[in-house]
Amino acid sequence: MATVEVAREAGACYGVERALEMTEAALGGGRGRVRTLGPLIHNPRVVESLAERGASVVGDPREAAGCTLVLRTHGVTPAEEALAREACSSVVDATCPFVKKAHRAAERLAAEGYRVVIVGEAGHPEVTATLAHAPGALVVGTAEEALALPRSRKTGVVVQTTQSAARLAEVVSALLSRTEELRVANTICEATSGHQGACAELASRADAMVVIGGRNSANTTRLAEIARAACPRTHHVEGADELDPSWFEGAGLVGVTAGASTPASQIRGVVTAIESMVGE
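Residues numbered from 1 in each chain as written. Predicted model: local features only at pLDDT ≥ 70, side-chain atom pairs only at ≥ 80, totals over all residues. Heavy atoms only, no water.

## Structural notes on the overall build of the protein chain
- Of regular secondary structure, the protein chain possesses 10 helices and 12 strands.
- Scaling as 2.2 N^0.38, a compact globule of 280 residues should have a C-alpha radius of gyration of about 19 Å, and the protein chain matches this with 20 Å.
- With respect to the three principal axes, the spread of C-alpha positions in the protein chain is 60 × 55 × 20 Å.
- Residues classed as buried in the protein chain amount to 53% of the 280 residues present.
- By sequence separation, contacts in the protein chain at least 24 residues apart represent 72% of the contacts at least 6 residues apart.
- On the protein chain, roughly 11,900 Å² of surface is accessible, and the fraction owed to carbon and sulfur atoms is 51%. (Helix = DSSP H or I, 4+ residues; strand = E, 2+ residues; numbered from the N terminus. Rg over C-alpha atoms; globule rule 2.2 N^0.38 Å. Buried < 20%, exposed > 50% of the residue type's maximum accessible area, 1.4 Å probe, protein only. Contact = heavy atoms within 4.5 Å. Areas by Shrake-Rupley, 256 points an atom, 1.4 Å probe, with all protein chains shown as cover.)

Right under this line is the structure:
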């Protein structure tokens, strides 16, 4: 019989909980029809649940004309926000405060004449939104990509909030050879660092690990990578229905962690299902 242990820091972060609360308030506050601009969070099951209750996803603010539009946690471009305020009856800005911090940092660095480099995943909604706050900014995901950049006299760095401190350090080290002056705004979310450290600690002791969260979630995918490095028997699931009892055969300790877009109810469901499997 195995023990199931949840990482000391796991699950929905402040920004996600705040966004869900704001959307719940819009749904129950007599604001009429509610829509979200893009998936509110990177958790398909939660997004599907919200859609079933009336908060469906739109890809363009004009699709929500006359509705209350909730701006996703990952942030939107200034142009998208302006269009939303013009087309919609009301706008609820659920952008994570840590993402807003990255936007302000990018704007400030650009205004001060720095070439802005965003450490993150090209194409990710958060990175796309941050790029729009510093026209001409560049995105790099690795030290190798940083080394390939042309030299610049002044380089300013901001970071996708879900990146790891180790990745930031690697990129910053590479950029030192590509610029005369380097200024870094560490915009990694505190919850991200806490989740990653707790995941690594638990994975180092576990015989099997389960990481819960959307497969489209950057921070959950990174947790799975961290866990797998220490515990090869790591599995990434979105819900309890994906669990396989064979994963836990011979395990003394099963570790569980969850991404920042995973509500407590989703974690409880998976833990309960694992406990029923390992207790047989």
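## Concerning helix H5 (residues 125-132)
- By the burial criterion, the buried members of H5 are Glu 126, Val 127, Ala 129 and Thr 130. Considered in projection along H5, the buried side chains sweep an arc of 160° and stay on one side of the axis. (Arc of directions from axis to C-beta.)

## Focus: helix H9 (residues 218-230)
- With 13 residues, H9 should cover 18 Å at 1.5 Å per step; its first-to-last C-alpha distance of 19 Å lies within 8% of that length.
- Within H9, the full set of buried residues consists of Ala 218, Asn 219, Thr 220, Arg 222, Leu 223, Ala 224 and Ala 227.
- For H9, the elements touching its buried residues are helix H8 (190-203), strand S10 (208-212), strand S11 (234-237) and strand S12 (253-258). (Expected span 1.5 Å × (residues − 1).)

## Structural notes on the pairing of S12
- Burial runs high along S12: 6 of the 6 residues are buried.
- Taking every second residue as pointing to the same face, both faces of S12 are buried, with Leu 253, Gly 255 and Thr 257 on one and Val 254, Val 256 and Ala 258 on the other.
- Pairing of strand S1 (residues 3-6) with S12 involves 4 bridges; the strand directions are parallel. Counterpart to Glu 5 in the pairing with S12 is Gly 255.
- As paired elements, S10 and S12 share 5 bridges and run parallel to each other. Pairing of Ile 212 across the sheet is with Ala 258, part of S12. (Pairing = 2+ DSSP bridges.)

## Comments concerning the sheet that holds strand S9 (residues 179-184)
- Taken in spatial order, the 4 strands make up an open sheet running S7-S6-S8-S9, and their pairing is parallel. Whereas interior strands pair on both sides, the edge strands pair on one side only; in this sheet they are strand S7 (138-140) and S9. In this sheet, neighbouring strand axes are inclined to one another by 30° on average, regardless of whether the strands run parallel or antiparallel.
- As judged from the 5 bridges shared by strand S6 (residues 115-119) and strand S8 (residues 152-159), these two strands associate in the parallel manner. When the sheet's bridge partners are listed, Arg 115 is paired in S8 with Thr 155.
- Each of S6, S7, S8 and S9 is contacted by helix H7 (residues 165-175), which is oriented at about 155° to S9, the strand it contacts most. (Axes fitted to C-alpha atoms, helices over the stretch in contact; angles between N-to-C directions.)

## So, the nonpolar core
- Membership of the largest hydrophobic core comes to 19 residues, with the highest contact counts inside it found for Val 210, Ile 212, Leu 243, Phe 248, Val 254 and Ile 274.
- Elements with a contribution of two residues or more to this core: S10, S12 and helix H10 (264-278).
- When residues in this core are grouped by element, the largest group, 6 residues, is from H10.
- The residues contacting Val 210, other than those within four sequence positions of it, are His 235, Val 237, Leu 243, Phe 248, Gly 255, Val 256, Thr 257, Val 270 and Ile 274.
- Of all hydrophobic cores here, the second largest spans 17 residues; its members include Ala 19, Val 34, Val 70 and Cys 189. (Core = buried A, V, L, I, M, F, W, Y, C linked by side-chain atoms within 4.5 Å.)

## Section: the side chain of Arg 222
- Inspection of the secondary structure puts Arg 222 in helix H9.
- In this view, Arg 222 contacts Glu 121, Thr 162, Gln 163, Ser 164 and Gln 196; residues no more than four positions away in its chain are not counted.

## Quick word on the packing of aromatic side chains
- All chains considered together, the criterion is met by 1 aromatic pair.
- Between Trp 247 and Phe 248 the ring centres are 6.2 Å apart and the planes differ by 80°, which places this aromatic pair in the edge-to-face class.
- Residue Phe 248 is classed as buried on the basis of its relative accessible area, which comes to 6%.
- Here the guanidinium or amino end of Lys 154 rests over the ring plane of Tyr 114, the centre of that ring lying 4.3 Å away. (Phe/Tyr/Trp six-rings, centres within 6.5 Å; stacked < 30°, edge-to-face > 60°. Lys NZ or Arg CZ within 6 Å of the ring centre and 35° of its normal.)

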